[in-house]
Amino acid sequence: MIAIYLVVYFTSPALFHESMLENYSIFLRVIPILALVFVFIFLFNLFLKPDKIKKHLGKEAGMKGWVFSIVAGILSTGPIYIWYPLLSDLKEKGMRTSFMSTFLYNRSVKLPLLPIMIYYFRFIYTLILTVYIILTSVIAGYLTELIVDDESKSN
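Keep in mind that this is a model prediction, so the values were computed, not measured. (Residues numbered from 1 in each chain as written. Predicted model: local features only at pLDDT ≥ 70, side-chain atom pairs only at ≥ 80, totals over all residues. Heavy atoms only, no water.)

The next subject is the UniProt feature "transmembrane region" (unreviewed entry) in the protein. The feature "transmembrane region" (unreviewed entry), as given by UniProt, occupies residues 26-44, 65-84 and 119-143 in the numbering adopted here. Within residues 65-84, the helical portion is 60% and the strand portion 0%, while the C-alpha atoms at the span's ends are 18 Å from each other. Taken end to end, residues 119-143 comprises 96% helix and 0% strand; its first and last C-alpha atoms sit 34 Å apart. (UniProt positions renumbered as here; feature names shortened; annotations may be inferred. Helix = DSSP H or I, 4+ residues; strand = E, 2+ residues; numbered from the N terminus.)

What follows is the structure, encoded as structure tokens:
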């Protein structure tokens, strides 16, 4: 990337300047969300010990772990890559792979966009699609855990 930016800098300084301004704009939008995630990580490390995470999001979490990962995925905002450090930290503390997958899958349900979707596609379609996403997220979470955990056991 540095080489590409150097080429652009010397061949088209205006494009380079425009690109830097856009990068700066993106950086300014991402920093507050990233800071919020790091605050969450700090608070999780401060208050949530591995035994609590294992209890609520580990193997013995049961239905409440599924519900929490679904609801948290739907309510989460911001770019998806911002959530990766938090999920990694929770995984190290005992969070099930299936709950991480389910959380990420349910990020496709966007509450602020549901009224627009209802307007364009009607209520019944939006409802069916949303229920389908939620149910499929559980299946995908379960399958992800089967595949990933089997690979990690063999290594």
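Enumeration according to the criterion identifies 7 aromatic pairs in this entry. Between Tyr5 and Phe16, the aromatic rings sit 6.2 Å apart at their centres with planes inclined by 80 degrees, giving edge-to-face as the arrangement. Taken together, the residues span a long stretch of sequence, with Tyr5 in helix α1 (residues 2-11) and Phe16 in helix α2 (residues 13-47) at a distance of 11 residues. With relative accessibility at 24%, the residue Tyr5 sits in the partly exposed group. Between Trp83 and Phe103, the ring centres sit 5.6 Å apart and the planes meet at 65 degrees, which makes this aromatic pair edge-to-face. Note that Trp83 is positioned in the loop between α4 (63-75) and α5 (84-92) and Phe103 in helix α6 (residues 97-106), a separation of 20 residues in sequence. Grouping residues by exposure puts Trp83 and Phe103 together as buried. Put simply, the rings of Tyr5, Tyr9, Phe10 and Phe16 pair up and form one aromatic cluster. Stacked on the ring of Phe99, the Lys or Arg Arg96 has its end atom at 4.9 Å from the ring centre. (Phe/Tyr/Trp six-rings, centres within 6.5 Å; stacked < 30°, edge-to-face > 60°. Buried < 20%, exposed > 50% of the residue type's maximum accessible area, 1.4 Å probe, protein only. Lys NZ or Arg CZ within 6 Å of the ring centre and 35° of its normal.)

Counting residues in hydrophobic clusters, the biggest one holds 16 residues, and the most contacted among them are Leu86, Met95 and Phe99. Of all the elements in the fold, those that place two or more residues in this core are α2, α3 (50-57), α5 and α6. Here this core spans two domains, since at least three of its residues come from each of domain 1 (1-46) and domain 2 (49-154). What Phe99 contacts, discounting residues up to four positions off in sequence, is Leu57, Gly58, Ala61, Gly62, Gly65, Trp66 and Ser69. (Core = buried A, V, L, I, M, F, W, Y, C linked by side-chain atoms within 4.5 Å. Domains from an automatic or database assignment. Contact = heavy atoms within 4.5 Å.)

The subject of this paragraph is the domain arrangement of the protein. Split by domain assignment, the protein resolves into domain 1 (1-46) and domain 2 (49-154). Summarising the inter-unit geometry, the C-alpha centres of domain 1 and domain 2 are found 27 Å apart. Together domain 1 and domain 2 conceal approximately 900 Å² of surface at their shared face, both sides included; 74% is due to carbon and sulfur atoms. Counting every contact that joins domain 1 to domain 2 gives 0 salt bridges. Where domain 1 meets domain 2, there are 0 residue pairs in polar contact (both at pLDDT 80 or more). Residue classes in the side of domain 1 that touches domain 2 are distributed as 8 nonpolar, 1 polar and no charged. (Buried area = accessible area lost by both parts, 1.4 Å probe. Salt bridge = Lys/Arg side-chain N within 4 Å of Asp/Glu carboxyl O. Polar contact = N/O pair within 3.5 Å; in protein donor to acceptor, adjacent residues only side chain to side chain. Nonpolar A, V, L, I, M, F, W, Y, C, P; charged D, E, K, R; others polar.)

Contact geometry of α4 with α6 gives a least axis separation of 7 Å together with a crossing angle of 30 degrees. When the axes of α4 and α6 are compared, the pair comes out roughly parallel. Handedness of the crossing formed by α4 with α6: right-handed. Where α4 approaches α6, its residues Gly65, Trp66, Ser69, Ile70, Ala72, Gly73 and Ile74 are matched on the opposing element by Ser98, Phe99, Thr102, Phe103 and Asn106. Tallied by class, the residues present in the contact of α4 with α6 amount to 6 nonpolar, 6 polar and no charged. (Axes fitted to C-alpha atoms, helices over the stretch in contact; angles between N-to-C directions. Parallel < 35°, antiparallel > 145°, perpendicular 65-115°, else oblique. Left-handed = near helix turned anticlockwise from the far one by under 90°.)

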